[in-house]
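Each chain, written out:
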Amino acid sequence: MPDFRVEVRVMPRGGILDPQGQAVTHALQALGFADVHGARVGKHLVLTVEAASAGAAETRARAMCDRLLANPVTEDYQVAVVPA
Amino acid sequence: MRRVAVVVFPGSNSEIETVDAARDAGSDPYYVWHKDTDLKRADVVILPGGFSYGDYLRSGAIARFSPIMEAVAAHARAGGPLLGICNGFQILCEAGLLPGGLVRNDRLRYVSRPVRVRVEAVDTPFTNAYRRGEEITVPIAHGDGRYVADAPTLAALEAEGRVVWRYVGGNPNGSTNAIAGVCNAGHNVVGIMPHPERLNDPVLGGQDGKNVFFSLEARDATQHAGDLRAVGGHHRGM
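Residues numbered from 1 in each chain as written. Chains lettered and ligands numbered in written order. Predicted model: local features only at pLDDT ≥ 70, side-chain atom pairs only at ≥ 80, totals over all residues.

A. A look at the overall build of chain B. Across its full length, chain B carries 5 helices and 13 strands. Relative to its length of 238 residues, chain B is compact, with a C-alpha radius of gyration of 16 Å against a globular reference of 18 Å. Its C-alpha atoms put chain B at 50 × 40 × 40 Å along the principal axes. (Helix = DSSP H or I, 4+ residues; strand = E, 2+ residues; numbered from the N terminus. Rg over C-alpha atoms; globule rule 2.2 N^0.38 Å.)

Put into C-alpha coordinates, the structure is as follows:
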(Lines give C-alpha, C1' and ligand atoms only; values in the text may rest on other atoms or scores of the structure.)
Protein backbone atom coordinates (compact mmCIF):
# COMPACT_ATOMS: atom_id res chain seq x y z
CA MET A 1 0.00 0.00 0.00
CA PRO A 2 1.22 3.52 -0.68
CA ASP A 3 2.20 6.13 1.85
CA PHE A 4 0.14 9.28 2.14
CA ARG A 5 1.20 12.59 3.59
CA VAL A 6 -1.41 13.68 6.10
CA GLU A 7 -1.33 17.19 7.50
CA VAL A 8 -3.08 17.76 10.80
CA ARG A 9 -3.87 21.20 12.15
CA VAL A 10 -4.69 21.41 15.85
CA MET A 11 -6.01 24.73 17.16
CA PRO A 12 -7.14 25.93 20.56
CA ARG A 13 -10.90 25.84 20.54
CA GLY A 14 -12.61 29.12 19.74
CA GLY A 15 -13.77 30.73 22.94
CA ILE A 16 -10.83 29.43 24.94
CA LEU A 17 -8.37 32.19 25.68
CA ASP A 18 -5.19 31.74 23.64
CA PRO A 19 -2.47 33.59 25.53
CA GLN A 20 0.20 32.64 23.00
CA GLY A 21 -1.88 34.15 20.22
CA GLN A 22 -2.41 37.29 22.27
CA ALA A 23 1.32 37.62 22.92
CA VAL A 24 2.08 37.21 19.21
CA THR A 25 -0.57 39.82 18.37
CA HIS A 26 0.94 42.30 20.82
CA ALA A 27 4.47 41.63 19.58
CA LEU A 28 3.46 42.18 15.96
CA GLN A 29 1.66 45.38 16.86
CA ALA A 30 4.71 46.57 18.78
CA LEU A 31 6.75 45.99 15.62
CA GLY A 32 4.46 48.34 13.73
CA PHE A 33 2.07 45.81 12.23
CA ALA A 34 -0.89 47.76 13.49
CA ASP A 35 -3.12 46.02 10.95
CA VAL A 36 -2.86 42.74 12.90
CA HIS A 37 -6.00 42.44 14.96
CA GLY A 38 -5.58 38.90 16.12
CA ALA A 39 -3.44 35.77 16.06
CA ARG A 40 -4.05 32.26 17.27
CA VAL A 41 -1.30 29.72 17.76
CA GLY A 42 -1.82 26.02 17.15
CA LYS A 43 0.12 22.98 16.03
CA HIS A 44 0.83 21.57 12.59
CA LEU A 45 1.68 17.89 12.38
CA VAL A 46 2.78 16.08 9.24
CA LEU A 47 2.17 12.34 9.29
CA THR A 48 3.25 9.71 6.80
CA VAL A 49 0.53 7.07 6.77
CA GLU A 50 0.39 3.85 4.80
CA ALA A 51 -3.13 3.27 3.55
CA ALA A 52 -5.12 1.80 0.68
CA SER A 53 -6.51 5.18 -0.34
CA ALA A 54 -6.49 8.84 0.57
CA GLY A 55 -9.82 8.40 2.27
CA ALA A 56 -8.52 5.52 4.35
CA ALA A 57 -5.49 7.58 5.37
CA GLU A 58 -7.76 10.41 6.49
CA THR A 59 -9.92 8.04 8.51
CA ARG A 60 -6.86 6.71 10.28
CA ALA A 61 -5.53 10.21 10.94
CA ARG A 62 -8.86 11.25 12.46
CA ALA A 63 -8.69 8.28 14.80
CA MET A 64 -5.18 9.39 15.81
CA CYS A 65 -6.46 12.89 16.52
CA ASP A 66 -9.34 11.61 18.60
CA ARG A 67 -7.06 9.32 20.58
CA LEU A 68 -3.92 11.41 21.07
CA LEU A 69 -3.15 14.34 18.82
CA ALA A 70 -5.92 16.68 19.95
CA ASN A 71 -7.62 17.13 23.29
CA PRO A 72 -11.37 17.15 22.62
CA VAL A 73 -11.94 19.39 25.67
CA THR A 74 -9.70 22.23 24.55
CA GLU A 75 -8.79 21.81 20.89
CA ASP A 76 -10.23 21.35 17.40
CA TYR A 77 -8.46 19.72 14.50
CA GLN A 78 -8.54 19.53 10.74
CA VAL A 79 -7.08 16.77 8.61
CA ALA A 80 -5.92 17.08 5.00
CA VAL A 81 -4.39 14.36 2.85
CA VAL A 82 -1.96 15.81 0.34
CA PRO A 83 -0.11 13.97 -2.44
CA ALA A 84 3.06 12.38 -1.11
CA MET B 1 -1.73 1.83 57.48
CA ARG B 2 -2.63 2.27 53.83
CA ARG B 3 -0.57 1.07 50.93
CA VAL B 4 0.04 4.15 48.77
CA ALA B 5 1.40 3.61 45.23
CA VAL B 6 3.19 6.66 43.82
CA VAL B 7 3.55 6.26 40.06
CA VAL B 8 6.82 7.41 38.53
CA PHE B 9 6.81 8.53 34.91
CA PRO B 10 9.86 9.62 32.93
CA GLY B 11 10.02 13.28 33.90
CA SER B 12 8.22 13.00 37.25
CA ASN B 13 10.01 15.17 39.81
CA SER B 14 7.88 15.22 42.94
CA GLU B 15 7.67 11.52 43.73
CA ILE B 16 10.21 11.61 46.57
CA GLU B 17 8.42 14.38 48.46
CA THR B 18 5.12 12.63 47.84
CA VAL B 19 6.38 9.36 49.30
CA ASP B 20 7.91 11.23 52.24
CA ALA B 21 4.65 13.05 52.94
CA ALA B 22 2.65 9.83 52.85
CA ARG B 23 5.13 8.10 55.13
CA ASP B 24 5.07 11.01 57.57
CA ALA B 25 1.30 10.67 57.74
CA GLY B 26 1.61 7.02 58.70
CA SER B 27 0.99 5.36 55.35
CA ASP B 28 3.08 2.67 53.66
CA PRO B 29 4.12 4.36 50.40
CA TYR B 30 6.15 2.90 47.56
CA TYR B 31 7.06 3.69 43.96
CA VAL B 32 5.53 2.05 40.92
CA TRP B 33 7.29 2.49 37.57
CA HIS B 34 5.04 3.61 34.73
CA LYS B 35 5.92 0.54 32.66
CA ASP B 36 4.65 -1.78 35.36
CA THR B 37 1.13 -3.07 35.02
CA ASP B 38 0.54 -4.01 38.65
CA LEU B 39 -0.18 -1.54 41.46
CA LYS B 40 0.89 -4.14 44.02
CA ARG B 41 -2.32 -4.18 46.07
CA ALA B 42 -2.43 -0.42 46.47
CA ASP B 43 -5.15 1.06 48.66
CA VAL B 44 -4.39 4.52 47.28
CA VAL B 45 -2.72 5.70 44.06
CA ILE B 46 -1.02 9.07 43.57
CA LEU B 47 0.26 10.50 40.30
CA PRO B 48 2.92 13.01 41.36
CA GLY B 49 4.02 16.29 39.87
CA GLY B 50 6.64 16.79 37.22
CA PHE B 51 6.97 17.01 33.48
CA SER B 52 6.16 13.55 32.21
CA TYR B 53 7.48 13.03 28.68
CA GLY B 54 8.74 16.60 28.70
CA ASP B 55 5.17 17.87 28.40
CA TYR B 56 5.48 17.01 24.69
CA LEU B 57 2.32 17.42 22.62
CA ARG B 58 0.31 18.48 25.71
CA SER B 59 1.02 18.15 29.41
CA GLY B 60 0.05 14.62 30.41
CA ALA B 61 -1.04 13.58 26.93
CA ILE B 62 1.54 10.84 26.46
CA ALA B 63 1.81 9.66 30.07
CA ARG B 64 -1.86 8.74 30.03
CA PHE B 65 -1.01 5.86 27.70
CA SER B 66 1.70 4.44 29.94
CA PRO B 67 1.17 0.72 30.67
CA ILE B 68 0.37 1.37 34.36
CA MET B 69 -2.57 3.60 33.47
CA GLU B 70 -4.89 0.67 32.75
CA ALA B 71 -4.44 -0.49 36.33
CA VAL B 72 -4.83 3.09 37.57
CA ALA B 73 -8.13 3.44 35.68
CA ALA B 74 -9.36 0.09 37.01
CA HIS B 75 -8.46 1.19 40.56
CA ALA B 76 -10.48 4.38 40.04
CA ARG B 77 -13.46 2.55 38.53
CA ALA B 78 -13.51 0.26 41.56
CA GLY B 79 -13.84 3.35 43.77
CA GLY B 80 -10.22 3.40 44.92
CA PRO B 81 -8.74 6.72 46.04
CA LEU B 82 -6.69 8.30 43.24
CA LEU B 83 -4.96 11.67 43.49
CA GLY B 84 -3.22 13.62 40.75
CA ILE B 85 -0.97 16.45 41.84
CA CYS B 86 -0.06 19.09 39.22
CA ASN B 87 1.22 17.00 36.28
CA GLY B 88 -0.74 14.12 37.81
CA PHE B 89 -3.90 16.26 37.57
CA GLN B 90 -3.08 16.98 33.92
CA ILE B 91 -2.66 13.25 33.27
CA LEU B 92 -6.00 12.42 34.92
CA CYS B 93 -7.76 15.00 32.74
CA GLU B 94 -6.06 13.68 29.61
CA ALA B 95 -7.09 10.15 30.61
CA GLY B 96 -10.70 11.20 31.04
CA LEU B 97 -10.68 10.17 34.70
CA LEU B 98 -11.45 13.79 35.60
CA PRO B 99 -13.50 16.26 33.54
CA GLY B 100 -12.07 19.31 31.83
CA GLY B 101 -8.51 20.13 30.94
CA LEU B 102 -5.52 22.25 31.93
CA VAL B 103 -4.14 24.73 29.43
CA ARG B 104 -1.49 27.43 29.31
CA ASN B 105 -1.57 29.99 32.14
CA ASP B 106 -3.32 33.15 31.09
CA ARG B 107 -0.34 35.45 31.58
CA LEU B 108 2.17 33.25 29.77
CA ARG B 109 4.27 32.70 32.83
CA TYR B 110 5.38 29.67 34.65
CA VAL B 111 4.12 30.45 38.15
CA SER B 112 6.06 29.10 41.12
CA ARG B 113 5.01 30.52 44.46
CA PRO B 114 2.77 29.87 47.46
CA VAL B 115 -0.91 30.63 46.93
CA ARG B 116 -4.00 30.66 49.11
CA VAL B 117 -6.69 28.11 48.42
CA ARG B 118 -9.99 27.38 50.11
CA VAL B 119 -10.90 23.78 50.79
CA GLU B 120 -14.43 23.50 49.45
CA ALA B 121 -14.99 19.75 49.35
CA VAL B 122 -14.09 17.67 52.39
CA ASP B 123 -16.00 14.60 51.28
CA THR B 124 -13.04 13.13 49.41
CA PRO B 125 -10.41 10.66 50.62
CA PHE B 126 -7.74 13.37 50.29
CA THR B 127 -9.43 16.30 52.01
CA ASN B 128 -11.50 14.83 54.82
CA ALA B 129 -8.99 15.98 57.46
CA TYR B 130 -9.60 19.62 56.51
CA ARG B 131 -12.55 21.73 57.59
CA ARG B 132 -14.88 22.85 54.86
CA GLY B 133 -14.09 26.46 54.01
CA GLU B 134 -10.66 26.29 55.59
CA GLU B 135 -8.11 28.47 53.81
CA ILE B 136 -4.60 27.13 53.47
CA THR B 137 -1.31 28.10 51.83
CA VAL B 138 0.20 25.67 49.33
CA PRO B 139 2.81 26.12 46.60
CA ILE B 140 2.05 26.01 42.91
CA ALA B 141 4.62 25.45 40.18
CA HIS B 142 3.15 25.14 36.72
CA GLY B 143 2.91 26.62 33.24
CA ASP B 144 -0.25 24.78 32.20
CA GLY B 145 -2.56 25.24 35.14
CA ARG B 146 -5.55 27.08 33.77
CA TYR B 147 -8.53 24.81 34.32
CA VAL B 148 -11.12 24.85 31.55
CA ALA B 149 -14.27 22.84 30.95
CA ASP B 150 -17.46 23.33 28.98
CA ALA B 151 -20.37 25.14 30.60
CA PRO B 152 -22.46 22.04 31.49
CA THR B 153 -19.43 20.41 33.11
CA LEU B 154 -18.65 23.53 35.14
CA ALA B 155 -22.27 23.82 36.23
CA ALA B 156 -22.25 20.19 37.36
CA LEU B 157 -18.97 20.58 39.24
CA GLU B 158 -20.29 23.60 41.13
CA ALA B 159 -23.76 22.18 41.79
CA GLU B 160 -22.43 18.85 43.00
CA GLY B 161 -19.75 20.27 45.26
CA ARG B 162 -16.94 18.84 43.17
CA VAL B 163 -14.68 21.89 43.21
CA VAL B 164 -12.26 20.59 45.84
CA TRP B 165 -9.85 23.52 46.11
CA ARG B 166 -10.38 27.07 44.87
CA TYR B 167 -7.83 29.88 44.65
CA VAL B 168 -8.63 32.83 46.89
CA GLY B 169 -7.03 36.26 47.07
CA GLY B 170 -6.05 36.16 43.40
CA ASN B 171 -6.26 33.71 40.53
CA PRO B 172 -2.67 32.81 39.59
CA ASN B 173 -3.30 31.23 36.20
CA GLY B 174 -6.71 32.33 34.94
CA SER B 175 -8.49 29.12 35.91
CA THR B 176 -12.21 29.18 35.24
CA ASN B 177 -14.04 29.98 38.49
CA ALA B 178 -10.58 30.07 40.14
CA ILE B 179 -10.65 26.27 40.27
CA ALA B 180 -7.49 24.73 41.77
CA GLY B 181 -8.79 21.17 42.12
CA VAL B 182 -11.77 19.00 41.23
CA CYS B 183 -13.03 15.49 41.86
CA ASN B 184 -15.03 12.96 39.88
CA ALA B 185 -18.67 12.14 40.48
CA GLY B 186 -17.70 9.39 42.89
CA HIS B 187 -15.44 11.78 44.82
CA ASN B 188 -12.71 9.12 44.90
CA VAL B 189 -10.62 10.66 42.09
CA VAL B 190 -9.15 14.08 42.92
CA GLY B 191 -6.88 16.39 40.94
CA ILE B 192 -5.18 19.46 42.37
CA MET B 193 -2.66 21.84 40.84
CA PRO B 194 -0.97 22.96 44.10
CA HIS B 195 1.67 20.79 45.74
CA PRO B 196 0.65 19.76 49.28
CA GLU B 197 3.68 17.46 49.52
CA ARG B 198 5.94 20.51 49.38
CA LEU B 199 4.46 22.10 52.49
CA ASN B 200 3.94 19.36 55.04
CA ASP B 201 6.54 20.18 57.69
CA PRO B 202 7.52 23.32 59.62
CA VAL B 203 11.06 23.00 58.29
CA LEU B 204 9.61 23.64 54.82
CA GLY B 205 7.94 26.83 56.02
CA GLY B 206 4.55 25.39 56.80
CA GLN B 207 2.45 22.29 56.97
CA ASP B 208 -0.85 23.27 55.42
CA GLY B 209 -0.48 20.43 52.91
CA LYS B 210 -0.08 17.60 55.34
CA ASN B 211 -3.79 16.99 55.88
CA VAL B 212 -4.03 15.70 52.31
CA PHE B 213 -1.95 12.75 53.48
CA PHE B 214 -3.42 12.54 56.97
CA SER B 215 -6.82 12.25 55.31
CA LEU B 216 -5.74 8.87 53.96
CA GLU B 217 -5.12 7.53 57.42
CA ALA B 218 -8.34 8.91 58.83
CA ARG B 219 -10.88 6.34 59.84
CA ASP B 220 -12.42 4.58 56.84
CA ALA B 221 -10.98 7.14 54.50
CA THR B 222 -12.17 5.32 51.40
CA GLN B 223 -15.76 5.58 52.51
CA HIS B 224 -17.87 8.58 51.78
CA ALA B 225 -16.73 11.33 54.06
CA GLY B 226 -20.19 11.66 55.51
CA ASP B 227 -18.87 9.04 57.88
CA LEU B 228 -15.85 11.16 58.73
CA ARG B 229 -17.24 14.21 60.42
CA ALA B 230 -15.56 13.44 63.68
CA VAL B 231 -12.05 12.13 63.37
CA GLY B 232 -10.01 12.11 66.52
CA GLY B 233 -12.74 13.96 68.30
CA HIS B 234 -12.46 16.99 66.03
CA HIS B 235 -15.28 18.38 64.03
CA ARG B 236 -14.34 18.01 60.40
CA GLY B 237 -16.95 20.15 58.72
CA MET B 238 -20.34 19.15 57.43
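B. Broad picture of the overall build of chain A. For chain A, the count of helices and strands is 2 helices and 3 strands. The helix and strand sequence of chain A, counted from the amino end, reads β-α-β-α-β. In terms of principal-axis extent, the alpha carbons of chain A reach across some 50 × 25 × 15 Å. For chain A, the proportion of contacts with a sequence separation of at least 24, taken over those separated by at least 6, is 67%. (Contact = placed C-beta atoms within 7 Å.)

C. Quick peek at the sheet that holds strand β2 (residues 28-33) of chain B. Residues and elements named next belong to chain B. A sheet is described by the order of its strands in space; here 9 strands give the open sequence β2-β1-β3-β4-β11-β10-β9-β6-β7, paired in mixed fashion. In the strand order of this sheet, the two ends are held by β2 and β7 (135-142), each with one partner. With direction set aside, neighbouring strand axes in the sheet form an average angle of 25°. Here strand β1 (residues 3-8) pairs with β2 via 6 bridges, running parallel. Looking at the pairing, R3 lines up with D28 of β2. (Pairing = 2+ DSSP bridges. Axes fitted to C-alpha atoms, helices over the stretch in contact; angles between N-to-C directions.)

D. Structural context of the confidence of the model for chain B. Residue and element names in this part refer to chain B. For chain B, per-residue confidence averages 92 on the pLDDT scale, and 92% of positions sit at 70 or higher. Scored below 50 in pLDDT, residues 221-238 shows 35 contacts in the model against residues more than four places distant or in partner chains. Interface confidence for the predicted complex, given as ipTM, is 0.87, next to a pTM of 0.90. (pLDDT = per-residue confidence, 0-100.)

E. Summary view of the environment of B:R132. All names here are of chain B. Tracing the backbone shows R132 in the loop between β6 (111-119) and β7. When the 16 C-beta atoms within 10 Å are taken as the criterion, R132 is described as partly exposed. R132 sits 11 residues away from A121 along the chain, and the two C-alpha atoms are 6.3 Å apart. (Buried ≥ 20, exposed ≤ 12 C-beta atoms within 10 Å, placed from the backbone.)

F. Up close: the pairing of β1(B). Residues and elements named next belong to chain B. In terms of residue burial, β1 counts as a mostly covered element, since 5 of its 6 residues are buried. Both β1 and strand β3 (residues 44-47) contribute to a ladder of 3 bridges, which runs parallel. The residue bridging A5 from the neighbouring strand is V45, located in β3.

G. Structural context of the sheet that holds strand β3 (residues 75-82) of chain A. Residue and element names in this part refer to chain A. Pairing in this open sheet of 3 strands is antiparallel, and the strands run β2-β1-β3 from one edge to the other. At either end of the open sheet lies a strand with only one pairing partner, and these are β2 (43-50) and β3. Strand-to-strand twist across the sheet, computed as the mean angle between neighbouring axes with direction ignored, equals 25°. Judged from the 8 bridges that link them, strand β1 (residues 3-12) and β2 form a sheet pairing that is antiparallel.

H. Fine view of the nonpolar core. Residue and element names in this part refer to chain B. If you look at the biggest cluster of nonpolar residues, it comprises 70 residues, and the most contacted ones within it are V7, V45 and L92. Per-element tally for this core: the top contributor is β1, with 5 residues. Discounting chain neighbours no more than four positions away, the residues touching V45 are A5, V7, L39, V72, H75, G80 and L82. (Core = buried A, V, L, I, M, F, W, Y, C linked by C-beta atoms within 7 Å.)

I. Structural view of the interface of chain A and chain B. Each partner contributes to the interface: chain A provides 9 residues, whereas chain B provides 13 residues. In terms of residues, the side of chain A that touches chain B owes the most to one element, helix α1 (residues 19-30) of chain A, which gives 3 residues. The class makeup of the residues in the side of chain A that touches chain B is 6 nonpolar, 3 polar and no charged. (Nonpolar A, V, L, I, M, F, W, Y, C, P; charged D, E, K, R; others polar.)

J. Fine view of the pairing of strand β9 (residues 163-168) of chain B. Residues and elements named next belong to chain B. In terms of burial, β9 is largely enclosed, as 5 of its 6 residues are buried. As paired strands, β9 and strand β10 (residues 179-183) are joined by 3 bridges and run antiparallel to one another. Across the sheet, the residue bridging to R166 is I179, located in β10.

K. Representation of helix α1 (residues 15-24) of chain B in the model. Looking only at α1(B), the buried set comprises B:E15, B:E17, B:T18, B:V19, B:A21 and B:A22. Positive backbone phi, approximately 100°, marks B:G26, located one or two places after α1(B).

L. Quick peek at the environment of B:G101. Structurally, the position occupied by B:G101 is in strand β5 (residues 101-103). Those residues within four positions of B:G101 in sequence are excluded, and the remaining contacts are A:N71, A:V73, A:T74, B:C93 and B:V148.

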